[in-house]
Amino acid sequence: MNDSSDIIEVKNLTKKFKDLTAVDGISFSVREGEVFGFLGPNGAGKTTTIKMLCTLLRPTSGQALVSGQDVVKSPSEVRKHIGLVAEKLILYDRLTAMENLKFFGSLYHIPKQEVVARATKWLKALEMEKWQDKMAGTFSTGMKQRVNIARALLTEPEVIFLDEPTLGLDPQTSRSIRNFIDDLHAHGVTVILTTHIMPEADELSDNIAIIDHGKIIAMDTPQNLKASIKKDNATLEDVFLRLTGRDMREDSHEHIPSARAHMFGGKSRVR
Ligand SMILES: Nc1ncnc2c1ncn2[C@@H]1O[C@H](COP(=O)(O)OP(=O)(O)OP(=O)(O)O)[C@@H](O)[C@H]1O
Ligand SMILES: [Mg+2]
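This is a predicted model, so every value here is computed, not measured.

Parameters at a glance
- Residues numbered from 1 in each chain as written.
- Chains lettered and ligands numbered in written order.
- Predicted model: local features only at pLDDT ≥ 70, side-chain atom pairs only at ≥ 80, totals over all residues.
- Near = placed C-beta within 6 Å.
- Helix = DSSP H or I, 4+ residues; strand = E, 2+ residues; numbered from the N terminus.
- Nonpolar A, V, L, I, M, F, W, Y, C, P; charged D, E, K, R; others polar.
- Core = buried A, V, L, I, M, F, W, Y, C linked by C-beta atoms within 7 Å.
- Buried ≥ 20, exposed ≤ 12 C-beta atoms within 10 Å, placed from the backbone.
- Contact = placed C-beta atoms within 7 Å.
- Pairing = 2+ DSSP bridges.
- Axes fitted to C-alpha atoms, helices over the stretch in contact; angles between N-to-C directions.
- Right-handed = clockwise from strand over helix to strand, strands pointing away.

Participant: Honestly, the site of ligand 1 in this entry has me stumped. Any pointers?
Facilitator: Neighbouring ligand 1 are the residues Phe17, Leu20, Ala22, Gly40, Asn42, Gly43, Ala44, Gly45, Lys46, Thr47 and Thr48. When residues in the shell around ligand 1 are grouped by element, the largest group, 3 residues, is from helix α1 (residues 46–53). Counted by class, the shell around ligand 1 contains 4 nonpolar, 6 polar and 1 charged residues.

Structure follows, in structure tokens:
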């Protein structure tokens, strides 16, 4: 906190939905230019936190500064500095890739000529320039996601939030997006990354926070997290499971062990 190179400073941030505390008094900071992995089981509070930092959800209490601006007091200032790749794709199927980007560029008040220059640059960086004049509706999930990432970068943000950017993508596209995140990192863009793919978080992140039930339960470099558990060649998945447990988080999780027991002839093997 209060380190001038911190681009995000979060203090006691809380979000309640009626009687559910989705984010429970979390504090952390992100240094300018780092890739910050934000990990946690389903329902842990990652997306809720990201939405508060992007000014899409109002915190119940606590404070968050992004690029020195308060997300509650100066939301429009915050929005000038950030890009968001949300869990859901935002693209119009009946517009081409370039038309989509021009449309969003106008929403973001970017001058027309500038939008085309930026859109061309980002589509090229994401290996999508060949398809820039094709309708988004004809694209594969991976192609759509690459246009979606280009959209989030149109404002040339200092900070980009990527909420599960490789979800549902094939290994080739996932690799290309990971390489792209590395390039953003090399160009000094701050990246907040959520993912359930532990090797991805391990490979890309400078620092990692693990959130569970709305609380941050660990925060360190991937190296230190792995060194913190007593296991030879520990992986980030080992750390994650050690800290968050092996119970699944769906409401119906209690039924799963018996289903497994049935499948394995009554011998449920717990590793
Ligand atoms: N608008 C909302 N109204 C009520 N409850 C909500 C709302 N948004 C999220 N929640 C709840 O808040 C909790 C945290 O949800 P959140 O989406 O932040 O989790 P997450 O860590 O992003 O999970 P996942 O890995 O599944 O994306 C969950 O219990 C979720 O059901
Ligand atoms: Mg989420």
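Right, picking up where we left off after that structure.
Participant: Sorry if this is basic, but what is going on with the nonpolar core here?
Facilitator: Soluble globular proteins tend to pack their nonpolar side chains together in the buried interior. Among the nonpolar cores identified, the biggest contains 68 residues, and Leu53, Val66, Ala150, Phe161, Val191, Ile192 and Leu193 are the most heavily contacted of them. Setting aside its immediate chain neighbours within four residues, Leu193 contacts Val35, Phe36, Gly37, Phe38, Leu162, Ile181, Ala201, Leu204 and Ser205.

Participant: What should I look at first to understand the sheet that holds strand β4 (residues 61–66) in this one?
Facilitator: Where strands meet in a sheet, backbone hydrogen bonds hold them as pairs that are either parallel or antiparallel. Strand order across the open sheet formed by 4 strands is β2-β1-β4-β5, with antiparallel pairing between neighbours. Two strands close off the open sheet at either side, each with one partner strand: β2 (20–31) and β5 (69–70). Bridge count for strand β1 (residues 6–17) against β2 is 9 bridges, and the pairing is antiparallel. Across the sheet, the residue bridging to Asp6 is Arg31, located in β2. Set on the sheet, α1 makes contact with β1, β2 and β4; between it and β1 the angle comes to about 120 degrees.

Participant: Can you walk me through the environment of Gly62 in this structure?
Facilitator: By the secondary structure assignment, Gly62 is in strand β4. For Gly62, a count of 18 C-beta atoms within 10 Å translates into the label partly exposed. Apart from residues lying up to four places away in sequence, Gly62 is in contact with Lys11, Asn12, Leu13, Thr14 and Gly25.

Participant: Teacher, can you tell me more about the pairing of strand β7 (residues 159–163) here?
Facilitator: Within a regular strand, the side chains alternate between the two sheet faces. Among the 5 residues that make up β7, 5 are buried, leaving the element largely enclosed by the rest of the structure. On β7, burial covers both faces: Val159, Phe161 and Asp163 on one face and Ile160 and Leu162 on the other are all buried. Inspection of the sheet shows strand β6 (residues 82–85) paired to β7 by 4 bridges, in the parallel sense. For Leu84, the partnering residue across the bridge sits in β7 and is Phe161. For the handedness criterion, the β-α-β arrangement of β7, helix α6 (residues 171–186) and strand β8 (residues 190–194) is classed as right-handed.

Participant: Which parts of the structure should I look at to understand the sheet that holds β8?
Facilitator: Spatial ordering of the open sheet is given by β6-β7-β8-β3-β9-β10, a layout of 6 strands whose pairing is mixed. One side of each edge strand has no neighbouring strand; the edge strands of this open sheet are β6 and β10 (215–220). Ignoring strand direction, the axes of neighbouring strands in this sheet form an average angle of 15 degrees. Inspection of the sheet shows strand β3 (residues 35–39) paired to β8 by 3 bridges, in the parallel sense. Counterpart to Gly37 in the pairing with β8 is Leu193. Contacting β3, β7, β8 and β9 (207–212), α1 crosses the sheet at an angle of about 155 degrees to β7. Taken strand by strand, α6 contacts β3, β7 and β8, and its axis lies near 150 degrees from that of β8.

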